Amino acid sequence: MPLPMPNTLVALILCLHVVVAKAKRVPGNATISGTSAVAPWLKKVTDPRDPGCWNRPWICRHGEYPPRTRRLCCRNRCVDVDSDVNNCGLCGIRCPFTWQCCRGLCINTNINPFHCGRCDHRCPFPSFCIYGMCGYAAPLPPFPFPPRPHPPHGPFPPHPPHGPFPPHPPHEPFPPHPPHGPFPPHPPHEPFPPHPPHGPFPPHPPHEPFPPHGPFPPHPPHGIEPHPPPPHDPSL
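Residues numbered from 1 in each chain as written. Predicted model: local features only at pLDDT ≥ 70, side-chain atom pairs only at ≥ 80, totals over all residues. Heavy atoms only, no water.

> Whenever I open this one, the overall build of the chain confuses me. Can you help?
When you go through the chain residue by residue, the secondary structure sums to two helices and six strands. Order of helices (α) and strands (β) in the chain, N terminus to C terminus: α-α-β-β-β-β-β-β. Considering only contacts within the chain whose residues lie at least 6 apart along the sequence, 3% involve residues at least 24 apart. (Helix = DSSP H or I, 4+ residues; strand = E, 2+ residues; numbered from the N terminus. Contact = heavy atoms within 4.5 Å.)

The structure is reproduced here in structure tokens:
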């Protein structure tokens, strides 16, 4: 087979480079992965719809009026609050560990006879719910089962007759109490001496007459103190 001409080889290499360059170029209306293209009308949308149910809580009803299950929008997703242990009854109410959410209430299904092991599983009366099982390790109740037949009681031997007991000895008579003799009379009380009579008291001495109040000097006017007279000089 003859080798290709040099000009033909150069042209073939240039064609390969052009094809590779076109494959690497990403067009403006396609995504980076190159799997889907963006429609021109979608570029004009300035307010796209937010995902989830924050602004559209009615979508949780699934078009049912009234809805068969009570669903609420919790953390931007529709949740069945009648059976969700993390949102039981309302959003954010979490049931304790090993408890279940039955009809919007947190119930311990390990001991509840109306929800034993699972919701709405009732135990027959009068068995109890233990470890989530009705009548666990408990004997069968007598009702409605028939009672077990008991063996007949054989004839018991007659009791021996009670013999006559000896009579009690008679009680000895107690000695009579000594009579209470007459007590001696109390001595008479001595008469108290009479109180001395209150004699006449001496009359009080007459009060001396008080001296008459003489004329008082006039008071000096307020705010002006009288000056004392100058001392008398005998040399004058």
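What follows continues from the structure just given.
> Could you clarify how one ought to interpret the layout of surface pockets in this entry?
In this approach, a probe sized like a water molecule rolls over the atoms, and the result shows the empty space that is left. By volume, the second largest pocket amounts to about 170 Å³. Cys-74, Arg-75, Arg-77, Asn-86, Asn-87, Cys-91, Gly-92 and Arg-94 are the residues that line the second largest pocket. (1 Å grid on protein atoms, 1.4 Å probe; cavity = no way out; pocket = protein on both sides within 12 Å on 5 of 7 lines; lining within 4 Å. Points joined across faces, edges and corners; volume = space filled by probe spheres on them.)

> What am I meant to see in the side chain of His-115 here?
Within the fold, His-115 resides in the loop between strand 4 (105-107) and strand 5 (129-130). Looking at His-115, its side chain comes within polar contact range of the main-chain nitrogen of Asp-120, at 2.8 Å. If we skip the residues at most four places from it in the chain, His-115 touches Cys-102, Ile-107, Thr-109, Asp-120 and His-121. (Polar contact = N/O pair within 3.5 Å; in protein donor to acceptor, adjacent residues only side chain to side chain.)

> Would you mind showing me how to read the state of the cysteines here?
Simply put, the disulfide is a covalent bond whose two ends are the sulfur atoms of two cysteines. Taken as a whole and judged by the stated rule, the model has eight disulfides. Between the sulfur of Cys-116 and that of Cys-129 lies a disulfide, 2.2 Å long from S to S. Handedness of the Cys-116-Cys-129 disulfide follows from its S-S torsion of about 85°: it is right-handed. Of this pair, Cys-116 sits in the loop between strand 4 and strand 5 while Cys-129 is found in strand 5, placing the two residues 13 residues apart along the sequence. In this structure Cys-116 comes out as buried when scored by relative accessible area, which is 1%. Between the sulfur atoms of Cys-123 and its disulfide partner Cys-134 the distance amounts to 2.0 Å. Between Cys-123 and Cys-134, the S-S torsion sits near -80°, and that sign places the bridge as left-handed. (Disulfide = S-S within 2.5 Å. Buried < 20%, exposed > 50% of the residue type's maximum accessible area, 1.4 Å probe, protein only.)

> Would you mind showing me how to read unusual backbone geometry here?
Note: most residues except glycine have negative phi, and most peptide bonds are trans. Of note, the amide linkage connecting Phe-125 to Pro-126 takes the cis form, showing an omega dihedral of 5°. Mapped onto the secondary structure, Pro-126 falls in the loop between strand 4 and strand 5. Unusually for a residue other than glycine, Thr-98 sits at a positive phi of about 75°. On the secondary structure map, Thr-98 appears in the loop between strand 2 (78-80) and strand 3 (100-102).

> Honestly, the pattern of salt bridges in this entry has me stumped. Any pointers?
Any two side chains of opposite charge can pair, on the condition that their charged atoms come close. One pass over the structure, following the stated rule, counts two salt bridges. Between Arg-70 and Asp-82 there is a salt bridge; the shortest N-O distance is 3.6 Å. In this pair, Arg-70 is assigned in the loop between helix 2 (40-43) and strand 1 (71-73) and Asp-82 in the loop between strand 2 and strand 3, connecting sequence segments twelve residues apart. By relative accessible area, which is 37% here, Arg-70 ends up partly exposed. Close ionic contact of Asp-120 with Arg-103 constitutes a salt bridge, the shortest N to O distance being 3.4 Å. Taken together, the residues span a long stretch of sequence, with Asp-120 in the loop between strand 4 and strand 5 and Arg-103 in the loop between strand 3 and strand 4 at a distance of 17 residues. (Salt bridge = Lys/Arg side-chain N within 4 Å of Asp/Glu carboxyl O.)

> Honestly, the side chain of Asp-84 in this entry has me stumped. Any pointers?
Positionally, Asp-84 belongs in the loop between strand 2 and strand 3. Of the side chains with opposite charge, Arg-77 lies nearest to the buried Asp-84, which makes no salt bridge, at 4.5 Å. Within polar-contact distance, the side chain of Asp-84 engages the backbone nitrogen of Asn-86 at 3.2 Å. If sequence neighbours within four positions are ignored, Asp-84 has contacts with Arg-77, Val-79 and Cys-101. (Lys, Arg positive; Asp, Glu negative; His and termini not counted.)

> Is there a simple way to think about the environment of Gly-92 in this case?
Assignment of secondary structure puts Gly-92 in the loop between strand 2 and strand 3. A C-alpha to C-alpha distance of 9.8 Å links Gly-92 and Val-81, two positions eleven residues apart in sequence. Setting aside its immediate chain neighbours within four residues, Gly-92 contacts Asn-86 and Asn-87.

> Where do I start with a nonpolar patch on the surface in this structure?
Judged by side-chain polarity, Phe-128, Ile-130, Tyr-131, Met-133 and Tyr-136 come together as a nonpolar surface patch covering roughly 570 Å² of accessible area. You can see Phe-128 is positioned in the loop between strand 4 and strand 5. (Patch = residues over 30% accessible without salt bridge, like charges linked within 9 Å, V, L, I, M, F, W, Y side chains within 5 Å. Areas by Shrake-Rupley, 256 points an atom, 1.4 Å probe, with all protein chains shown as cover.)

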